[in-house]
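Notes for the structure review
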Amino acid sequence: MKFVAIGFLLIFSSAFGKSFTLMSYNVENLFDTIHDPGKEDYTYLPLKVKNASQDIQDYCNSITNDYYRKACLETDWSEDILSKKLANLAKVISSFDKGKGADILVLQEVENKSVLISLVKEKLKGLGYDHISLIEGPDSRGIDAAIVSKFPIVKEKLHLVDLDGVAKETRGILQADIQIGPNLVSVFSNHWPSQANPSEARYIAAQTLLSAALQSNAQAVIAAGDFNSIDKDHPHGINLVIKPEFYLAREEAQNRGFQVFAGSHWYRGEWGTLDKILILKNTKSSVVPKYSSFQVYKPAWLLTEREWTDYDTGEVTVHKVPYSFDLKSGLGFADHLPLTIEFAY
């Protein structure tokens with residue numbers, strides 16, 4: 001019996017002697033400082049550019065929400081501020097895995113390939129991120145999903161989410177097929193419609209993802225990102241469309257008895273699990289998720305204290321929350337925490 005057990009371990013070690021890591025991270029409004037024609041990116045431009053343009057002033061003043069109108073008029077998204085934002089995000093990414101960074105980055109809220117290149121080639125230089133993917137989509141603000149890899153990206157495709165008659169155009173779902181040793185791995189970066197849109201919009205996004213995933217001929221299919229789905233969604237895209245076909249890394253880790261932090265995004269006094277890593281169910285796959293490695297990545301410096309006043313009781317409490325980037329100080333990172341996981345192959 002001992003011989004059989006040892007033999008099995010040797011076979012397993014031989015078959016799965018290598019591994020790769022993946023980080024999913026909503027980097028919160030990573031814009032460059034140049035206006036992209038046709039996009040409503042005016043908030044994230046240098047103040048001198050905005051003050052010199054009557055068209056931009058008119059656009060900002062047309063915003064009915066006081067907070068967003070003020071931000072559009074007064075935010076000074078300068079080259080200096082952008083450089084600090086990029087450096088701060090690079091600190092998060094490069095701190096993972098003892099300074100090596102995850103092998104694959106699945107990012108959301110990146111404006112364009114130009115600012116992505118600035119992050120990867122300037123701030124993450126030397127970490128081996130030689131392959132990047134970002135395909136411009138129809139989002140009105142201009143934000144897109146991106147994938148960065150140390151392994152070769154052999155194919156990329158943007159799957160548009162058709163919300164005609166349901167909601168305004170949204171971010172596409174980015175697919176990058178990545179060659180990892182002998183394995184082809186399809187990775188999907190998701191940023192589904194926000195809660196400002198009806199649940200049906202996220203349900204359609206779920207159907208779009210599933211359709212694209214089932215068409216992949218890769219040895220493994222991984223979907224990650226900000227799915228913007230909450231318990232009250234109806235119809236529920238995650239529960240009805242995704243769960244029958246995908247393993248949810250958080251749930252699989254918890255089912256195996258591993259402790260997972262409460263959430264990756266803090267909103268109105270509560271932690272939420274908008275961010276997810278999904279693995280298409282495939283028992284024959286030679287790429288195996290290590291669910292024990294799944295985590296919400298949260299070194300102490302990635303959190304900050306924030307006071308919260310309860311809407312019902314008026315009680316004021318202090319919480320540790322994601323350290324979002326602050327324009328005035330140049331400190332902070334993003335309003336989401338990254339998720340990470342390791343795969344054996």
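For clarity, every value in this text was computed on a predicted model and none was experimentally measured.

**Some points on the overall build of the chain**
Each helix and strand counted, the chain has nine helices and 16 strands in total. Radius of gyration (C-alpha) of the chain: 21 Å, near the 20 Å computed for a compact globule of 345 residues. Looking at the chain residue by residue over its 345 residues, the buried ones come to 51%. Intrachain contacts of the chain at a sequence separation of at least 6 include 69% that bridge at least 24 residues. Carbon and sulfur atoms form 51% of the exposed surface of the chain, whose accessible area is close to 16800 Å². Seen as two clouds, the 36 positive and the 43 negative side-chain charges of the chain have centres 8 Å apart.

**Here's the deal with the sheet that holds strand 13 (residues 288-296)**
Strands sit in the order 3-4-2-1-16-13 across an open sheet of six strands; the sheet is mixed. In the strand order of this sheet, the two ends are held by strand 3 (131-133) and strand 13, each with one partner. Strand-to-strand twist of the sheet, defined as the mean angle between neighbouring strand axes without regard to direction, takes the value 20°. Of the strand pairs in this sheet, strand 1 (residues 19-30) and strand 16 (residues 339-344) are connected by six bridges, and their pairing is antiparallel. Paired with leucine 22 across the strands is isoleucine 341, a residue of strand 16. Helix 5 (residues 79-99) rests against strand 1, strand 2 (104-110), strand 13 and strand 16 of the sheet, and its axis sits at about 160° to strand 1. Along the sheet face, helix 6 (residues 113-123) touches strand 1, strand 2, strand 3 and strand 4 (144-149) and points at about 150° away from the line of strand 3.

**What about helix 3 (residues 54-61)?**
Among the residues of helix 3, those classed as buried are Ile56, Gln57 and Cys60. Along the axis of helix 3, the buried residues cluster in a sector spanning 100°; they form a single face. Counted as exposed and oriented over 90 degrees from the buried face of helix 3: Gln54 and Asp55. In this fold, the buried residues of helix 3 make contact with helix 2 (47-51) and helix 4 (66-74).

**A word on the sheet that holds strand 12 (residues 275-280)**
Read across the sheet, six strands follow the order 5-6-7-8-12-9 without closing on themselves; strand pairing throughout is mixed. Looking at which strands have only one partner, the edges of the open sheet turn out to be strand 5 (153-159) and strand 9 (246-248). Neighbour-to-neighbour, the strand axes of the sheet open up by a mean angle of 20°, direction not taken into account. Where strand 8 (residues 220-226) and strand 12 come together, five bridges link them in antiparallel fashion. Within the sheet, the bridge partner assigned to alanine 223 lies in strand 12 and is leucine 278. Running at roughly 170° to strand 7 (residues 183-191), helix 7 (residues 199-215) makes contact with strand 5, strand 6 (173-180), strand 7, strand 8, strand 9 and strand 12 of the sheet.

**Concerning unusual backbone geometry**
Between histidine 234 and the following residue, proline 235, the backbone shows a cis peptide bond with an omega angle of 5°. Structurally, the position occupied by proline 235 is in the loop between strand 8 and helix 8 (237-242). Unlike most non-glycine residues, glutamate 28 shows phi in positive territory, near 55°. By the element assignment, glutamate 28 lies in strand 1. Residues other than glycine seldom take positive phi values, yet asparagine 29 does so here, at roughly 55°. Assignment of secondary structure puts asparagine 29 in strand 1.

Cut-offs applied
Residues numbered from 1 in each chain as written. Predicted model: local features only at pLDDT ≥ 70, side-chain atom pairs only at ≥ 80, totals over all residues. Heavy atoms only, no water. Helix = DSSP H or I, 4+ residues; strand = E, 2+ residues; numbered from the N terminus. Rg over C-alpha atoms; globule rule 2.2 N^0.38 Å. Buried < 20%, exposed > 50% of the residue type's maximum accessible area, 1.4 Å probe, protein only. Contact = heavy atoms within 4.5 Å. Areas by Shrake-Rupley, 256 points an atom, 1.4 Å probe, with all protein chains shown as cover. Lys, Arg positive; Asp, Glu negative; His and termini not counted. Charge placed at Lys NZ, Arg CZ, Asp CG, Glu CD. Pairing = 2+ DSSP bridges. Axes fitted to C-alpha atoms, helices over the stretch in contact; angles between N-to-C directions. Arc of directions from axis to C-beta.

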